[in-house]
Amino acid sequence: MTSHVERAIAERIARARAEAERKRKEREEFAARRAAGLIARHRAKLARLGQQLAPTYDPDNTTLAASGAH
């Protein structure tokens, strides 16, 4: 038979373990959300850069060459 002190200590240990587990899960979820957000931001940035840097289509090919020659 365990004493009331031993039971109280066991309950405190169980609460501390449960709290540590809850915090660990919370950190994992936050890290997953952060990673997903970073990926989304990088995709959006690359899409914007792609639109800015993509050559425009000129069906008549009347633009000047990069060297400035006609």
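For the structure, see preceding data.
Residues numbered from 1 in each chain as written. Predicted model: local features only at pLDDT ≥ 70, side-chain atom pairs only at ≥ 80, totals over all residues. Heavy atoms only, no water.

Student: How should I be thinking about the pattern of salt bridges in this particular structure?
Tutor: Opposite charge on two side chains lets them pair, provided their charged atoms get close. Per the counting criterion, the structure on display carries four salt bridges. With a closest N to O distance of 2.4 Å, R24 and E21 form a salt bridge. Separated by three residues within a single helix, R24 and E21 lie in helix α1 (residues 4–53), roughly one turn from each other. Given a relative accessible area of 32%, R24 falls into the partly exposed group. The exposure class assigned to E21 is partly exposed, which follows from its relative accessible area of 34%. Among the ionic contacts, a cluster of salt bridges with common partners joins E19, R22 and E26. (Salt bridge = Lys/Arg side-chain N within 4 Å of Asp/Glu carboxyl O. Helix = DSSP H or I, 4+ residues; strand = E, 2+ residues; numbered from the N terminus. Buried < 20%, exposed > 50% of the residue type's maximum accessible area, 1.4 Å probe, protein only.)

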